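Here is what each chain is made of, one letter per residue.
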Amino acid sequence: MQALTQYLSELHGLVTKHTSYSDPKALVADISNYVLHEVSEDEQALCSSLLLAGSYEFSLPRFIERTIMMQDKAFVDAKNESLSLFDAYIKRLGPRISDYAPLLRNLLVNTFRKEQSNRIQAATFKPLQRLLNLKLQSMDANTFGVRDL
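The following refers to the structure shown. What you see is a predicted model, and the numbers here were worked out from it, not measured in a lab.

**Re the overall build of the protein**
Link 1 in the chain: Within the protein, the regular secondary structure consists of nine helices and zero strands.
Link 2 in the chain: The order of α-helices and β-strands along the protein, N terminus first, is α-α-α-α-α-α-α-α-α.
Link 3 in the chain: Among the 149 residues that make up the protein, the fraction classed as buried is 45%.
Link 4 in the chain: When contacts within the protein are restricted to residue pairs at least 6 apart in sequence, long-range pairs at least 24 apart make up 68% of them.
Link 5 in the chain: Approximately 7,900 Å² of the protein is accessible, and the part contributed by carbon and sulfur atoms is 48%.

**Quick look at helix α3 (residues 44–52)**
Side chains that are three or four residues apart share a direction in an α-helix, a result of its 3.6 residues per turn.
Link 1 in the chain: Inspection of α3 places Q44, C47, S48, L50, L51 and L52 among the buried residues, and these make up the whole buried set.
Link 2 in the chain: If you follow the buried residues of α3, they end up packed against α1 (2–16), α2 (24–38), α4 (60–66), α5 (73–93) and α6 (101–114).

**A word on the packing of α1 against α2**
Link 1 in the chain: Axis separation between α1 and α2 bottoms out at 10 Å; the angle between their running directions is 160°. Viewed along their axes, α1 and α2 adopt a mutual orientation that is roughly antiparallel. Along this stretch, α1 crosses α2, giving a crossing that reads as left-handed. For the pair α1 and α2, contact is made by A3, L4, Y7, L8, E10, L11 and L14 and by P24, L27, V28, D30, I31, Y34 and V35, respectively.
Link 2 in the chain: When grouped by side-chain class, the residues that make up the contact of α1 with α2 number twelve nonpolar, no polar and two charged.

**Points about the layout of surface pockets**
Link 1 in the chain: Estimates place the volume of the largest pocket at around 180 Å³.
Link 2 in the chain: Looking at the lining of the largest pocket, the elements that each hand over two or more residues are α4 and α6.
Link 3 in the chain: Broken down by element, the residue count for the lining of the largest pocket peaks at six residues, all from α6.
Link 4 in the chain: When its residues are assigned to classes, the lining of the largest pocket shows four nonpolar, five polar and three charged.

**A closer look at α1**
Link 1 in the chain: Taking 1.5 Å as the rise per residue, α1 with 15 residues should run 21 Å; its terminal C-alpha atoms sit 21 Å apart, in good agreement.
Link 2 in the chain: Along α1, the positions that sit buried rather than exposed are L4, L8, L11, H12, G13, L14 and V15.
Link 3 in the chain: Those residues of α1 that are buried are in contact with α2, α3, α4 and α5.
Link 4 in the chain: Of the residues trailing α1, K17 is marked for its positive phi of about 65°.

**Re the side chain of H12**
Link 1 in the chain: Relative to the helices and strands, H12 resides in helix α1.
Link 2 in the chain: When its relative accessible area of 1% is taken as the criterion, H12 is described as buried.
Link 3 in the chain: Here H12 is in contact with E57, F58, S59, R62, F63 and R66, once residues within four sequence places are set aside.

**Considerations on the nonpolar core**
Taken as a class, soluble globular proteins show a tendency for nonpolar side chains to be buried jointly.
Link 1 in the chain: Core analysis: the biggest nonpolar cluster contains 42 residues, and L4, L51 and I97 have the highest contact counts within it.
Link 2 in the chain: For this core, the element with the most residues is α5, which contributes nine residues.

**Considerations on the pattern of salt bridges**
Link 1 in the chain: Here the structure, examined in full by the defined rule, presents seven salt bridges.
Link 2 in the chain: For R92, the salt bridge goes to E41, with nearest N and O atoms at 3.6 Å. Separated by 51 residues along the polypeptide, R92 in helix α5 and E41 in the loop between α2 and α3 bring together distant segments of the chain.
Link 3 in the chain: For R92, a relative accessible area of 24% puts it in the partly exposed group.
Link 4 in the chain: With a closest N to O distance of 2.8 Å, E41 and R96 form a salt bridge. Here E41, found in the loop between α2 and α3, pairs with R96, found in the loop between α5 and α6; they are 55 residues apart in sequence, far enough to count as distant.
Link 5 in the chain: Among the charged side chains, a network of salt bridges with common partners joins E41, R92 and R96.

The rules behind each value
Residues numbered from 1 in each chain as written. Predicted model: local features only at pLDDT ≥ 70, side-chain atom pairs only at ≥ 80, totals over all residues. Heavy atoms only, no water. Helix = DSSP H or I, 4+ residues; strand = E, 2+ residues; numbered from the N terminus. Buried < 20%, exposed > 50% of the residue type's maximum accessible area, 1.4 Å probe, protein only. Contact = heavy atoms within 4.5 Å. Areas by Shrake-Rupley, 256 points an atom, 1.4 Å probe, with all protein chains shown as cover. Axes fitted to C-alpha atoms, helices over the stretch in contact; angles between N-to-C directions. Parallel < 35°, antiparallel > 145°, perpendicular 65-115°, else oblique. Left-handed = near helix turned anticlockwise from the far one by under 90°. Nonpolar A, V, L, I, M, F, W, Y, C, P; charged D, E, K, R; others polar. 1 Å grid on protein atoms, 1.4 Å probe; cavity = no way out; pocket = protein on both sides within 12 Å on 5 of 7 lines; lining within 4 Å. Points joined across faces, edges and corners; volume = space filled by probe spheres on them. Expected span 1.5 Å × (residues − 1). Core = buried A, V, L, I, M, F, W, Y, C linked by side-chain atoms within 4.5 Å. Salt bridge = Lys/Arg side-chain N within 4 Å of Asp/Glu carboxyl O.

This is the structure we're talking about:
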């Protein structure tokens with residue numbers, strides 16, 4: 001998990017320009033490869049916590065929130081790659097994503113509303129649809145905030 005922590009820290013460093021890494025899309029692709037192909041089932045809970053937890057300062061949702069107004073092509077590409085990762089991660093975890101479903105739902109809806117890039121707005125639909133298709137028992141209409149949609 002140290003590798004994931006390092007990747008996420010580097011990614012957030014790009015936002016504040018405190019890193020030597022220059023391609024945020026490639027960094028998100030590295031995170032995606034690590035999370036989807038190198039993390040074992042035993043490590044999945046810790047991985048989810050680091051990757052998705054809103055309380056972790058270097059989580060991927062925080063990166064998207066911090067870059068929502070940045071329209072630089074490199075950051076738009078990184079956000080698009082991040083949304084693709086969310087889709088693949090939801091697919092991989094299935095119902096086990098339920099603890100993070102409200103956070104992801106809020107992130108995806110807020111990104112759609114605030115993002116200026118049409119490509120990023122469109123990219124929010126696939127992970128949101130996958131999340132809705134899980135039909136999680138813990139996600140009733142009130143919990144999921146259907147009225148806000």
